Amino acid sequence: VREDLPEVPVDLVQVDQVLTNLIENAVKFSPPNSPIHIFAVGSAKGVRVTVADKGPGIPKEARERVFQPFERGRDDAVGTGLGLAIANAVVVAHGGRMWAKDGAGGGAALTFELPTEEEGVRNAESGSASPGR
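So, a few notes on the structure that sits alongside this text. (Residues numbered from 1 in each chain as written. Predicted model: local features only at pLDDT ≥ 70, side-chain atom pairs only at ≥ 80, totals over all residues. Heavy atoms only, no water.)

This part takes up the overall build of the chain. Helix and strand content of the chain: three helices and four strands. Counting from the amino terminus, the chain carries its helices and strands in the arrangement α-β-β-α-β-β-α. When the 133 residues of the chain are sorted by exposure, 38% land in the buried category. Relative to all contacts within the chain whose residues are 6 or more apart in sequence, the contacts with residues 24 or more apart total 61%. (Helix = DSSP H or I, 4+ residues; strand = E, 2+ residues; numbered from the N terminus. Buried < 20%, exposed > 50% of the residue type's maximum accessible area, 1.4 Å probe, protein only. Contact = heavy atoms within 4.5 Å.)

Printed below as a string of structure tokens:
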């Protein structure tokens, strides 16, 4: 995480829950002792955070669906299927977006983007904040 990330207006408790849900999923679906990488990069528009694991990944056809309540990326997955739906709802409520893709070298990479205050106001006015990508 670079020190020059722009400030973004967030509810710290809610964004902590987003990170917790993403990290718990990465741990749940990764082989024991495999690395989980967390990256944060900034731009004038906001901050992008990625949690990447070395698990089985999320099938392309399920990448948007996993952000819906009670959905899971795999049929044999344990859990209620609410973690990513809650995380996505928080991100969208902050004017951001969230998506899933293949991780570099395998696994899944879940990314969310939160706008700076100025960019968030523009997104809210235009209605351009959308769940998923």
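Moving on to the pairing of strand β4 (residues 108-115). Judged by how many residues are buried, β4 sits mostly within the fold: seven of eight residues are covered. Sheet topology places strand β2 (residues 46-52) next to β4; seven bridges connect them, and they run antiparallel. Bridged to Val-47 within β4 is Leu-114. Alignment of strand β3 (residues 97-102) against β4, held across six bridges, turns out to be antiparallel. Directly across from Asp-102, in β4, lies its bridge partner Ala-108. (Pairing = 2+ DSSP bridges.)

Below, the discussion takes up helix α1 (residues 12-29). Here α1 spans 26 Å end to end across 18 residues, near enough to the 26 Å set by a 1.5 Å rise per residue. Listing the buried residues of α1 in full gives Val-15, Val-18, Asn-21, Leu-22, Asn-25 and Ala-26. Seen along its axis, α1 keeps its buried residues to an arc of 130°; they face one direction. Away from the buried face of α1 by more than 90 degrees, exposed residues Leu-12, Val-13, Glu-24 and Val-27 are located. In the core, the buried residues of α1 are packed alongside β2, α2 (83-93), β3 and β4. Measuring from the side-chain oxygen of the N-cap residue of α1 to the backbone nitrogen of Val-13 gives 3.0 Å; that N-cap residue is Asp-11. (Expected span 1.5 Å × (residues − 1). Arc of directions from axis to C-beta. Polar contact = N/O pair within 3.5 Å; in protein donor to acceptor, adjacent residues only side chain to side chain.)

The subject of this paragraph is unusual backbone geometry. A positive phi angle, close to 65°, is found at Asn-33, a residue other than glycine. Turning to its location among the elements, Asn-33 is positioned in the loop between α1 and β1 (37-42). Since its relative accessible area comes to 83%, Asn-33 is described here as exposed.

Attention now moves to the pairing of β1. The sheet contact formed by β1 and β2 spans six bridges and is antiparallel. When the sheet's bridge partners are listed, Phe-39 is paired in β2 with Thr-50. Between the end of β1 and the start of β2, which pair antiparallel, lie three residues.

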